[in-house]
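Read off the chains here:
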Amino acid sequence: MKVYDHRVRLVMAWIFNFPALLCLSLLSAVLISCTSTNHSPLTLVSPPQIIGAKFIGNKACSECHDKINSKFHGSPHGRFYRGDEIRWASLAGCESCHGPGSKHAQSGLAIDIVNPKTEPQACLKCHVTTHSEFTLPHHHRVLEGRMTCVDCHEPHGQSIHQISGGLGMQKRDAVCVRCHKEQGASHVFQHEAMREGCVTCHNPHGSVNRGMLVQRDANLCLRCHSQIQNGVDRVYIGKMDHTGLLRSGTCWSSGCHSSVHGSNFSPRLLY
Ligand code: HEC
Ligand code: HEC
Ligand code: HEC
Ligand code: HEC
Ligand code: HEC
Ligand code: HEC
Ligand code: HEC
């Protein structure tokens, strides 16, 4: 019911608010292009709409949500909030994700504010590239409502990546292992690639490849393992000549290294 309500509001807001929205998008596109650094450029920004509500700025939110507000300053999103001038509210303040808050600040009701946990579109309006990753053939089911961005990302805190204290693994991977225990378990024969983190081989949002792999064939492994000897056209991996073997399938599906995440039985990760 609530989600439906927001949808109706969103649609209505688009219809009634289009010129304002357009200005905002342009303004934000400028802001984003100035502030983005090493990631792919973010295109368009428009905050979620809530009919009849106005932007009121982070200070107003802090009156009731002080803890979140003080955490927020050091967060990857909070960095862009440049002060209490209202124009920053919709671009980089609390309301850039939660929508204009005047109605909510009066009522204190959840229905008057957007929560991106249940409405990932609030994030995806800015993160257009991320949106397209979730539409690829193999993906985590966030758009389908089976998972949320918050399962892996912490929106307010210093670190945007959810951490739950894994030992000796990449901090980021601790979050994956909460759901994927098998891959995170320690093995008698570890695969050292695991130290580099799950994202060396998997795109966490989605991919065209099976298993959300970043590459679908032997190249996934050859980035770290390939050795070509003396200019001769033979591929050595480790001490073994793999030239013919590489034609028989991927390194893992051909039955040679099925236990890519680590093995309790085989140092060569056979099974
Ligand atoms: C007058 C106090 C007050 C102010 C000001 C206020 N809030 Fe709230 N907020 C609340 C209360 C109370 C709840 C709990 C509502 C509930 O659970 O029904 C809440 C809940 C929320 C939620 C969770 C909604 C959900 O789906 O569970 C969000 C998000 C939120 N506030 C954001 C904001 C933002 C952003 C601002 C500033 C624009 C703000 N609040 C200002 C009182 C306030
Ligand atoms: C990058 C987007 C984003 C920004 C910016 C943001 N939030 Fe949130 N907020 C979220 C998401 C996502 C959730 C759901 C988190 C969850 O359920 O664990 C949330 C949940 C909340 C909640 C309800 C749940 C809780 O943790 O109590 C409140 C209240 C809230 N935000 C207030 C704020 C305030 C105040 C600010 C500004 C200081 C702010 N938010 C800025 C994304 C954002
Ligand atoms: C108003 C636009 C906007 C919204 C809405 C927004 N983001 Fe962002 N986000 C940004 C910008 C700008 C950056 C910084 C990009 C950069 O550093 O190049 C960023 C960065 C990030 C990063 C990468 C941080 C890092 O480690 O470099 C993550 C993850 C992220 N956002 C997740 C989210 C999630 C989850 C939501 C919804 C809860 C959300 N964003 C909503 C604008 C937005
Ligand atoms: C399954 C866990 C997971 C979920 C769910 C998830 N993310 Fe991410 N996200 C990650 C990881 C891990 C990275 C770091 C990727 C890297 O370092 O290459 C990341 C990186 C990002 C970045 C930085 C740019 C990039 O792609 O490297 C953005 C922006 C982002 N996520 C936004 C989102 C948004 C928005 C959602 C929800 C619609 C979301 N993520 C859901 C795990 C997740
Ligand atoms: C909240 C639980 C949860 C978290 C956290 C999570 N996943 Fe998943 N993952 C799932 C579920 C559920 C599936 C099954 C996909 C589906 O819905 O069909 C899955 C599937 C996968 C798959 C297999 C996809 C396929 O096509 O067979 C890979 C690979 C994967 N996740 C990697 C990761 C990585 C890497 C992380 C951390 C960045 C992560 N997951 C975090 C729940 C989670
Ligand atoms: C060296 C590369 C590599 C690393 C690092 C890696 N994976 Fe995988 N992963 C694979 C390959 C290859 C597959 C098989 C994909 C297929 O079935 O086609 C796979 C499959 C999966 C699957 C699908 C179920 C299965 O076992 O077939 C999940 C879930 C998964 N990985 C999670 C993770 C998690 C979580 C991490 C980090 C803790 C991780 N992976 C690190 C290469 C890797
Ligand atoms: C991020 C780099 C990296 C990637 C990607 C990677 N590996 Fe590894 N792998 C290593 C390192 C480092 C070792 C340990 C040193 C060594 O034996 O070369 C290792 C060891 C191995 C071993 C054990 C070798 C032995 O005889 O002890 C096998 C088998 C293996 N990897 C297979 C794979 C397969 C299959 C893939 C692709 C799914 C893959 N690796 C991807 C880094 C990587």
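Read on for a plain summary of the structure. (Residues numbered from 1 in each chain as written. Chains lettered and ligands numbered in written order. Predicted model: local features only at pLDDT ≥ 70, side-chain atom pairs only at ≥ 80, totals over all residues.)

### Let's talk about the overall build of the protein chain
How we decide: Each helix corresponds to a stretch of at least 4 residues labelled H or I by DSSP, and each strand to a stretch of at least 2 residues labelled E; elements are numbered beginning at the N terminus. Remark: C-beta atoms are placed from the backbone, and a residue is labelled buried if 20 or more other C-beta atoms sit within 10 Å of its own, exposed if 12 or fewer do, or partly exposed between those counts. C-beta atoms are first placed from the backbone for all residues, and any pair lying within 7 Å is then listed as a contact.
Along its length, the protein chain carries twelve helices and seven strands. Counting only residues that meet the buried cut, the protein chain has 22% of its 271 residues in that class. Here the contacts in the protein chain between residues at least 6 apart in sequence split such that 53% fall between residues at least 24 apart.

### Focus on the nonpolar core
Threshold: A set of buried Ala, Val, Leu, Ile, Met, Phe, Trp, Tyr and Cys residues, joined to one another through C-beta atoms within 7 Å, is what we call a nonpolar core.
Of all hydrophobic cores here, the largest spans 16 residues; its most connected members are Ile56, Cys97, Val114, Ala122 and Cys123. Secondary-structure elements contributing two or more residues to this core are helix H3 (58–62), helix H6 (94–98) and helix H8 (121–124). Residue contacts for Cys123: discarding those within four places in its chain leaves Cys97, Pro116 and Cys149.

### Focus: unusual backbone geometry
Here Met212, not a glycine, exhibits a phi torsion of approximately 50°, which is positive. If you check the backbone angles, Leu269 has positive phi at about 60° while not being a glycine. Considering the arrangement of structural elements, one finds Leu269 in the segment after strand E7 (262–263).

### What about the sheet that holds strand E4 (residues 226–228)?
Put simply, the rule reads: Two strands pair if DSSP finds at least two bridges between them.
The three strands lie next to each other as E4-E5-E6, forming an open sheet whose pairing is antiparallel. For this open sheet the edge positions go to E4 and strand E6 (240–241), each flanked by a neighbour on one side alone.

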